[in-house]
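Commentary on secondary and tertiary structure
Chain by chain, the residues run as shown.
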Amino acid sequence: MKHLIDPMDLTKEETDEIISLAEDIIAHRERYQGSMSHRKLATLFYEPSTRTRLSFTSAMMELGGSVLGFSDAKNSSVSKGETVQDTVRVVGCFAEVIAMRHYIEGAQLYASEVSPVPIINAGDGSHSHPTQTLTDLLTIKRELGHIDGITIGFCGDLRFGRTVHSLIKALSRYKDVRVILIAPDSLKLPDYIKHDVCDKSGVQYREVETMEEVMPELDVLYMTRVQKERFLDEEEFDRVKDSFVLDARRMALGKKNMAVLHPLPRVNEILTEVDSDPRAAYFRQVENGKFVREALIVKLHEWKDDPAHPMPEHDRPVFDSSVRCTNPKCICNNEHAPHKFHYTDGGQLRCWYCDSKVR
Ligand SMILES: [Zn+2]
């Protein structure tokens, strides 16, 4: 059975198949209106996220299916103390697909080990949000007509921004992608993404200080929020904050067919004066999110019993009683998930569920 816990659970071929199906759904919406009729999607949101839940709900409704579930664990009937494994065993009797959001890292991966139906990770803690990555890929494809060969600038918080890390990983499987990193010192892309992802896959990247110096080169500008609380010192925030704001003056330096993406919500990093520019793709990106979720639901349901679409072979879990995952937000420190680990290519021991470094 295929679950979508991490964007890299999908092969490049499966990813492209989902994107192609989403494009076909957009072109022929009427053909797909009954494709999930009499089927149900369960949305289990242990942490509220209205827009993500509405996107899943809207996607399932467009396919003719129904939706059940809860939007906040506090107001749900999920009894306190029930493990996510027991919950999905039960809910899997009522629904054909489960979309789960959880504040605990690794919760979906742990749940998927026993789930009788495909699980879609709709966001876990600060770890992963794979449907956003699929949305970003579909948006790039629709805006530019291709993903291979693009030059993409990431601007803002590249250190903590999980959408940026996931998208760079996904893009590393396409040909001749060039990445330009535009971030203040405190928010630079972590070294392990640069080395383990970019260097290994041959993605060219370079780091710059200002948007101005690279705007004319970009096919895509991916903006993210720069949050004050991410800075250790307020002075640095005040000094750099205006350098990472997109306005009409900076847009004027960009290519005619550049696309501006943003995972939303924004605060003030894109001024509203940019919204009327045809290159501002972030609201189209939201709609693409619904279409890509439709395609994902159809495909995961179709692949459920197909041995040609297994979960990827992760390296074998390592059980070592001398170490423990120390991440307080990890599933193994919140439910009785086993402390198990895996070795990275670089020989590091990392938690199986949350991927934090243990040794
Ligand atoms: Zn962990």
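For every chain, the first residue of its written sequence is number 1, and the numbers climb from 1 along that sequence. With pLDDT at 70 or above as the cut-off, local features in this predicted model cover only qualifying residues; side-chain atom pairs require 80 or more to be listed or tallied, and sums for whole chains, interfaces and linings still use all residues.

1. Things to note about the overall build of the chain
Helix and strand definitions here come from DSSP, where helices need a minimum of 4 consecutive H or I residues and strands a minimum of 2 consecutive E residues; each element is numbered from the N-terminal end. Of regular secondary structure, the chain possesses 10 helices and 11 strands. Here the radius of gyration uses the C-alpha set of atoms, whereas the globule reference equals 2.2 Å times the residue count to the power 0.38. Its C-alpha atoms give the chain a radius of gyration of 20 Å, within 12% of the compact-globule value 21 Å for 359 residues. Projecting the C-alpha coordinates of the chain onto the three principal axes gives extents of approximately 55 × 55 × 40 Å. Out of the 359 residues belonging to the chain, those deemed buried represent 43%. Across the chain, the fraction of contacts at a sequence separation of at least 24, relative to all contacts at a separation of at least 6, is 73%. Exposed residues have 12 or fewer other C-beta atoms within 10 Å of their own C-beta, buried residues have 20 or more, and partly exposed residues fall in between, where C-beta atoms are placed from the backbone. Once C-beta atoms are placed from the backbone, any two residues with those atoms within 7 Å are in contact.

2. Concerning the sheet that holds strand 5 (residues 151-155)
By definition, the strands of a sheet pair up through backbone hydrogen bonds, in either a parallel or an antiparallel sense. An order of 7-6-5-8-9 is seen for the five strands of this open sheet, with the pairing classed as parallel. Each end of this open sheet is capped by a strand with a single partner; those strands are strand 7 (204-208) and strand 9 (259-261). On average, adjacent strands in this sheet sit at an angle of 20° to one another, irrespective of strand direction. Pairing of strand 5 with strand 6 (residues 178-182), which is carried by five bridges, proceeds in the parallel orientation. When the sheet's bridge partners are listed, C155 is paired in strand 6 with I182. Along the sheet face, helix 5 (residues 130-144) touches strand 8 (220-223) and strand 9 and points at about 165° away from the line of strand 9. Pairing between two strands is assigned when DSSP locates at least 2 bridges connecting them. Only the stretch in contact is used when fitting a helix axis, every axis being a line fitted to C-alpha atoms; angles between N-to-C directions are given from 0 to 180 degrees.

3. Re the nonpolar core
Within the largest apolar cluster, 96 residues are counted, with the highest numbers of intra-cluster contacts made by I98, V220, I297 and Y353. Here the element with the most residues in this core is helix 10 (residues 282-303); it accounts for seven residues. Dropping the residues within four chain positions of it, V220 is found in contact with I140, I150, I152, M258, A259 and L261. Only buried Ala, Val, Leu, Ile, Met, Phe, Trp, Tyr and Cys residues enter a nonpolar core, and they are joined through C-beta atoms within 7 Å.

4. Structural notes on the environment of H38
Along the chain, H38 falls in the loop between helix 1 (12-27) and strand 1 (40-45). Spatially, the C-alpha atoms of H38 and Y343 are 43 Å apart, while their sequence positions differ by 305 residues.

5. Focus on unusual backbone geometry
For the bond running from L264 to P265, omega is 5°, close enough to zero to count as cis. As for its placement among the helices and strands, P265 is situated in the loop between strand 9 and helix 10. Phi at D176 is positive, roughly 50°, even though this residue is not glycine. Position of D176 relative to the elements: it lies in the loop between helix 6 (162-171) and strand 6. Its 11 C-beta neighbours within 10 Å are what place D176 among the exposed residues. In this structure, L264 takes a positive phi of about 55° despite not being glycine. Inspection of the secondary structure puts L264 in the loop between strand 9 and helix 10. A tally of 15 C-beta atoms within 10 Å means that L264 is categorised as partly exposed.

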